[in-house]
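So you can see what is in the structure, the chains are spelled out below.
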Amino acid sequence: MSEEEFTIIVKEAINYNQLNRYFLSKTGKIDTAKDHFDLTPDLESIRADKASDGGLKLSHAQRRMLILLVALWDGRYADDIFNEGIGSLGKMIHSMDRGNRELFADLIVTYPGWGS
């Protein structure tokens, strides 16, 4: 799998889950990012929304995808911000709709951190 495929799927996951506000792009827009290194989680926005009244206003599936995307970027930040694990793989998959399950599988398969 190529890093291009991974980048495409990361952008799809962000857009599908309406998580755009929680990611920054070096190119200015998520859709114009050339590779996944152009994208970074906006940790300050995530922390601010999490600390606000009512916390993150996301569905369970959106929250799980946000945790996963932050963890793929750097697991230490995901642990620090969310103070919770993703949970069991079964629970994570069960909390997602079909679109998110497919994106989750594609992210894992194309993740360039495996091997080498």
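Residues numbered from 1 in each chain as written. Predicted model: local features only at pLDDT ≥ 70, side-chain atom pairs only at ≥ 80, totals over all residues. Heavy atoms only, no water.

S.K.: Provide a residue-level description of the overall build of the protein chain, including the pertinent values.
M.R.: Counting secondary structure elements, the protein chain contains 5 helices and 2 strands. In the protein chain, the succession of α and β elements from N to C terminus is α-β-β-α-α-α-α. Of the accessible surface of the protein chain, which amounts to about 6,800 Å², a share of 52% is contributed by carbon and sulfur atoms. (Helix = DSSP H or I, 4+ residues; strand = E, 2+ residues; numbered from the N terminus. Areas by Shrake-Rupley, 256 points an atom, 1.4 Å probe, with all protein chains shown as cover.)

S.K.: An account of the pattern of salt bridges is requested, with residue identities and associated values reported.
M.R.: Side chains bearing opposite charge may pair, as long as their charged atoms lie close to each other. For the structure on display, the rule yields 3 salt bridges. Arg98 is the salt-bridge partner of Glu102, the closest N and O atoms lying 2.9 Å from each other. Here Arg98 and Glu102 lie together in helix α5 (residues 98-110), a separation of 4 residues that amounts to about one turn. (Salt bridge = Lys/Arg side-chain N within 4 Å of Asp/Glu carboxyl O.)

S.K.: Tell me about helix α3 (residues 60-82), and name the residues and values.
M.R.: Under the 1.5 Å per step criterion, the end-to-end length of α3 is only 13 Å for 23 residues, more than 12% shorter than the ideal 33 Å. Where α3 bends most, the angle comes to about 140°, and this point is Asp74. (Expected span 1.5 Å × (residues − 1). Bend = angle between axes of the 7 residues up to and from the residue.)

S.K.: Lay out the side chain of Asp49 in plain terms, naming residues and giving numbers.
M.R.: Within the secondary structure layout, Asp49 lies in helix α2 (residues 43-51). Of note is the side chain of Asp49, whose polar atom sits 2.5 Å from the side chain of Tyr22. Once residues within four sequence positions are removed from consideration, Asp49 is found in contact with Arg21, Tyr22, Gly55 and Leu56. (Polar contact = N/O pair within 3.5 Å; in protein donor to acceptor, adjacent residues only side chain to side chain. Contact = heavy atoms within 4.5 Å.)

S.K.: Could you give an account of the packing of α3 against α5, with specific residues and numbers?
M.R.: The contact between α3 and α5 brings their axes to 11 Å, and the two run at 10°. For the element pair α3 / α5, the angle class is roughly parallel. When α3 is examined against α5, the residues Ala61, Met65, Leu68, Leu69 and Leu72 are found in contact with a partner set consisting of Asn100, Leu103, Phe104 and Leu107. Along the lines of polarity and charge, the residues of the contact of α3 with α5 split into 8 nonpolar, 1 polar and no charged. (Axes fitted to C-alpha atoms, helices over the stretch in contact; angles between N-to-C directions. Parallel < 35°, antiparallel > 145°, perpendicular 65-115°, else oblique. Nonpolar A, V, L, I, M, F, W, Y, C, P; charged D, E, K, R; others polar.)

S.K.: Quick one: what's the story with the layout of surface pockets, residue by residue and with numbers?
M.R.: Space inside the largest pocket adds up to approximately 270 Å³. Grouping the constituent residues of the lining of the largest pocket by class yields 11 nonpolar, 3 polar and no charged. (1 Å grid on protein atoms, 1.4 Å probe; cavity = no way out; pocket = protein on both sides within 12 Å on 5 of 7 lines; lining within 4 Å. Points joined across faces, edges and corners; volume = space filled by probe spheres on them.)

S.K.: Please set out unusual backbone geometry residue by residue, giving values where relevant.
M.R.: You will see that Gln18, though not glycine, has its phi angle at about 55°, which is positive. Position of Gln18 relative to the elements: it lies in the loop between α1 (3-16) and β1 (23-25).

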